[in-house]
Amino acid sequence: MQLGLIGLGKMGGNMRERIRRAGHTVLGYDRNPDLSDVKDLAELVERLDAPRTVWVMVPAGAPTQSVVDELGGLLQAGDTVVDGGNSRWTDDEKHAAELGAKGIGFVDAGVSGGVWGLENGYALMVGGDKEHVDRLRPIFDALKPEGPYGYVHAGKVGAGHFSKMVHNGIEYAMMQAYAEGWELLEKVDSVTDVREVFRSWQEGTVIRSWLLDLAVNALDEDEHLDKLRGWAQDSGEGRWTVEAAIDNAVPLPAITASLFARFTSRQDDSPQMKMIAALRNQFGGHAVESAKE
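Definitions and limits used
Residues numbered from 1 in each chain as written. Predicted model: local features only at pLDDT ≥ 70, side-chain atom pairs only at ≥ 80, totals over all residues. Heavy atoms only, no water. Helix = DSSP H or I, 4+ residues; strand = E, 2+ residues; numbered from the N terminus. Buried < 20%, exposed > 50% of the residue type's maximum accessible area, 1.4 Å probe, protein only. Contact = heavy atoms within 4.5 Å. Polar contact = N/O pair within 3.5 Å; in protein donor to acceptor, adjacent residues only side chain to side chain. Phe/Tyr/Trp six-rings, centres within 6.5 Å; stacked < 30°, edge-to-face > 60°. Lys NZ or Arg CZ within 6 Å of the ring centre and 35° of its normal. Core = buried A, V, L, I, M, F, W, Y, C linked by side-chain atoms within 4.5 Å. Patch = residues over 30% accessible without salt bridge, like charges linked within 9 Å, V, L, I, M, F, W, Y side chains within 5 Å. Areas by Shrake-Rupley, 256 points an atom, 1.4 Å probe, with all protein chains shown as cover. Salt bridge = Lys/Arg side-chain N within 4 Å of Asp/Glu carboxyl O. Pairing = 2+ DSSP bridges. Axes fitted to C-alpha atoms, helices over the stretch in contact; angles between N-to-C directions. Expected span 1.5 Å × (residues − 1). Arc of directions from axis to C-beta. Parallel < 35°, antiparallel > 145°, perpendicular 65-115°, else oblique. Left-handed = near helix turned anticlockwise from the far one by under 90°. Nonpolar A, V, L, I, M, F, W, Y, C, P; charged D, E, K, R; others polar.

Chemist: Any chance you could explain the environment of histidine 224 here in plain terms?
Modeler: Residue position: histidine 224 is located in the loop between helix 10 (210–221) and helix 11 (237–247). Given a relative accessible area of 36%, histidine 224 falls into the partly exposed group. As a C-alpha pair, histidine 224 and glutamate 289 span 65 residues in sequence and 15 Å in three-dimensional space. Apart from residues no more than four positions distant in its own chain, histidine 224 is found in contact with Trp182 and Glu186. At 3.2 Å, the side chain of histidine 224 forms a polar contact with the side chain of glutamate 186.

Chemist: I tried to follow the packing of aromatic side chains on my own but got confused; where do I start?
Modeler: Two numbers describe a pair of aromatic rings. These are the distance of the centres and the angle of the planes. Under the defined criterion, the tally for this structure stands at 6 aromatic pairs. Geometrically, the ring pair formed by tryptophan 89 and phenylalanine 162 is edge-to-face, given 4.9 Å between the ring centres and 85 degrees between the ring planes. With tryptophan 89 in helix 4 (residues 89–100) and phenylalanine 162 in helix 8 (residues 159–187), this pair connects stretches of sequence that are 73 residues apart. Taking the relative accessible area as the measure of exposure, tryptophan 89 reaches 15% and is therefore buried. Aromatic ring contacts, followed pair by pair, group Trp55, Phe140 and Tyr151 into a single cluster. We note arginine 262 situated over the ring of tyrosine 172; from NZ or CZ to the ring centre the distance is 3.7 Å.

Chemist: Even after reading the chapter, I still don't get the environment of tyrosine 29, so can you show me in this structure?
Modeler: If you trace the backbone, tyrosine 29 turns up in strand 2 (residues 25–29). The sequence separation of tyrosine 29 and arginine 239 amounts to 210 residues, and the corresponding C-alpha distance is 30 Å. Sequence-distant contacts of tyrosine 29, defined by excluding residues within four places in its chain, comprise Leu5, Ile6, Gly7, Leu8, Ser36, Val38, Lys39, Asp40 and Leu41.

Chemist: Would you take a moment to explain the nonpolar core for this structure?
Modeler: Within soluble globular proteins, side chains that are nonpolar generally end up buried alongside one another. In terms of nonpolar packing, the biggest core is built from 24 residues, with Trp182, Phe198, Leu225, Met275 and Leu279 touching the most fellow members. At the level of elements, helix 8, helix 9 (194–200), helix 10 and helix 13 (271–284) are the ones that each hand at least two residues to this core. Considering each element in turn, this core owes the most residues, 7 residues, to helix 10. For leucine 279, the contacting residues outside a window of four places in its chain are Met175, Leu211, Leu214 and Ala215. Met57, Val107, Tyr122 and Leu143 belong to the second-largest nonpolar core, a separate cluster that totals 21 residues.

Chemist: Would you mind showing me how to read a nonpolar patch on the surface here?
Modeler: The grouping of Val115, Trp116 and Trp210 at the surface amounts to a nonpolar patch, some 270 Å² of accessible area in total. Summarising the element assignment, valine 115 is placed in the loop between strand 5 (105–112) and helix 5 (117–120).

Chemist: What is the right way to look at the sheet that holds strand 2 in this model?
Modeler: The strands making up a sheet associate through hydrogen bonds between their backbones, and the pairing can be parallel or antiparallel. Strand order in this open sheet of 7 strands is 2-1-3-4-5-6-7, and the pairing throughout is mixed. Of all the strands in the sheet, the pair left with one neighbour each is strand 2 and strand 7 (151–155). If you compare each strand with its neighbour and ignore which way they point, the axes differ by 25 degrees on average. Lying on the sheet, helix 3 (residues 62–74) is in contact with strand 1 (2–6), strand 3 (53–56) and strand 4 (80–83); it crosses strand 3 at an angle near 165 degrees. In the packing of helix 8 onto the sheet, contacts are made with strand 4, strand 5, strand 6 (123–127) and strand 7, and the angle to strand 5 comes to roughly 15 degrees.

Chemist: Mind showing me how you'd approach helix 3 here?
Modeler: Over its 13 residues, helix 3 extends 19 Å from the first C-alpha to the last, a length consistent with the 18 Å expected when each residue adds 1.5 Å. Of all the residues in helix 3, the buried ones are Thr64, Gln65, Val67, Val68, Leu71 and Gly72. On an axial view of helix 3, the arc spanned by its buried residues comes to 165 degrees, and they lie on one face. More than 90 degrees from the buried face of helix 3, the exposed residues found are Ala62 and Gly73.

Chemist: Could you clarify how one ought to interpret the packing of helix 11 against helix 12 (residues 253–265) in this entry?
Modeler: For any two helices packed against each other, the geometry comes down to the angle between their axes and how far apart the axes lie. Viewed as axis vectors pointing N to C, helix 11 and helix 12 meet at an angle of 140 degrees, and their least axial separation amounts to 10 Å. Our classification of the angle between helix 11 and helix 12 gives oblique. Judged by the sense of rotation from one axis to the other, the crossing of helix 11 with helix 12 is left-handed. On helix 12, the residues touching Gly238, Arg239, Thr241 and Val242 of helix 11 are Ile255, Thr256, Leu259 and Phe263. Here the residues of the contact of helix 11 with helix 12 are counted per class, giving 4 nonpolar, 3 polar and 1 charged.

Chemist: So what exactly am I meant to see when it comes to helix 11 here?
Modeler: A turn of α-helix holds 3.6 residues, and therefore any two residues three or four places apart point the same way. All of the buried residues in helix 11 are Glu237, Gly238, Trp240, Thr241, Val242, Ala244 and Ala245. Residues of helix 11 that are buried make contact with helix 4, helix 8 and helix 12. Positive phi shows up at alanine 249, right after helix 11, with a value of about 55 degrees.

Chemist: Any chance you could explain the pattern of salt bridges here in plain terms?
Modeler: A side chain with one charge may pair with a side chain of the opposite charge, provided their charged atoms come close. On inspection of all chains with the given rule, the structure shows 18 salt bridges. A salt bridge links glutamate 43 to arginine 47; the nearest nitrogen and oxygen atoms lie 3.3 Å apart. One end of the pair, glutamate 43, and the other, arginine 47, are both in helix 2 (residues 41–47), 4 residues apart, so they sit about a helical turn from each other. A residue is classified by how much of its surface remains accessible, and arginine 47, at 40% relative accessible area, is partly exposed. Aspartate 220 is the partner of arginine 199 in a salt bridge, and the nearest nitrogen-oxygen pair spans 2.7 Å. Of this pair, arginine 199 sits in helix 9 while aspartate 220 sits in helix 10, and the two are 21 residues apart along the sequence. Of the residues examined, aspartate 220 reaches a relative accessible area of 40% and is grouped as partly exposed. Each of Arg195, Glu196, Arg199, Asp220 and Glu223 takes part in one network of salt bridges that share partners.

So this is what it looks like as structure tokens:
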């Protein structure tokens, strides 16, 4: 299958490679010409056979809107656009309507896997009409982890990004719990090897997880996280999750508290946020700030 892929950053570049390894043809475009296979979006569309599929992996908001607008003027009826970035689900509905008026299909795909996805595969949560989603199954199968899990057609347009948003909200709360436990262990005199306590939890406990494995990785690199500043960014999806909870009168005390804890991190050098920052860097390659900054 042919695919056009726009945005070849930390995730997009690895996704291109994984899809190619599965035997598909991928033409990639990025503003960085060293990464691109084509010089611009017009050439990308021209070199794809109809019906075309173009997957967008650029930052949410204005950058995604700009790309969707340009594709709307280049693609034809019967083509399909996939937004695999971290867009808000309400934007999906808008983009589907704009492109649908021109006969262009739209699918939203929540993608989880970070910098590890090339080798391990990506979890995919997809929203859109069945006819558009089914046509893309070879690409989804190439990206997902091996085995029966890791892919779901979650529902209509917007369902993929809504599901990914909730996933990220849960991730916030899980990371916060590990961070709070780590700070408490570091605080007491009786526990002399916090890193090995975390390592002991990796097998046979109910709190073992990939996040715990990544926490141990981070502690192996910097045992007391002395090199990090206790400052953690939020991607926006945590905020959207809390807003959706308010709109739907669903109580989310743990997720909400974890979001507010990140805001607190920007006011002082929080020990807990050192662990949050370390975990975000481990699974997603997100930037960290050094203790000296």
